[in-house]
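Here is what each chain is made of, one letter per residue.
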Amino acid sequence: MAIVKTASAHYQPLGKEGQGHVSLASGALSEQPYGFNTRFEDKSGTNPEELIAGAHASCYAMALSFALADAGYDSGELKVDAEVTLEKDGDGFAVTRSALTLDAKVSGIDEDEFSSIAKDAKDNCPISKLLKADISLDYTFQN
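None of these values were measured; they are calculated from a predicted model.

**Q** Looking at this model, I keep getting lost on the pairing of strand β5 (residues 92-106). Mind explaining?
**A** Two faces make up the sheet, and in a regular strand the side chains alternate between them. Where strand β4 (residues 76-89) and β5 come together, 14 bridges link them in antiparallel fashion. Within the sheet, the bridge partner assigned to valine 84 lies in β5 and is serine 98. Between the antiparallel neighbours β4 and β5 lie two residues, among them glycine 90 with a positive phi of about 65 degrees.

Here it is, written out as structure tokens:
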């Protein structure tokens, strides 16, 4: 079973003066502005790294929640923050890190078992796997 989710982005004109808009098929984001100024100058709007951080934090929280439930724990609360780092890489930039910070309250589990389940969920959440994945590109071109 494959689940496919989509998003779209539009950007014009080209370069630093350009402005983009990103939308999610679900409508959770619609025409949200992004651009050089929202990525590097803290202007209002979003940026790709912030969107990745949100995806990673929410995916990990869900993966850990399911793993704890599968291990027999049903009472608890998880709060996850993700900090995605963008650094200069040669002539461009690279996302070099996604740092997850977890605040967990889980009844009836000892720390060793919790640590093992938490680390396994980190390694196996789909967004953690994505950040290590091969990336493909299909495109059409007009000039």
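**Q** What exactly am I supposed to notice about the sheet that holds strand β2 (residues 19-24) here?
**A** In any sheet, the strands associate via hydrogen bonds between backbone groups, in a parallel or an antiparallel arrangement. The sheet built from three strands is open, its strands ordered β1-β2-β3 with antiparallel pairing. Looking at which strands have only one partner, the edges of the open sheet turn out to be β1 (7-12) and β3 (32-35). The average angle at which neighbouring strand axes cross in this sheet is 25 degrees, direction not considered.

What counts as what
- Residues numbered from 1 in each chain as written.
- Predicted model: local features only at pLDDT ≥ 70, side-chain atom pairs only at ≥ 80, totals over all residues.
- Heavy atoms only, no water.
- Pairing = 2+ DSSP bridges.
- Helix = DSSP H or I, 4+ residues; strand = E, 2+ residues; numbered from the N terminus.
- Axes fitted to C-alpha atoms, helices over the stretch in contact; angles between N-to-C directions.

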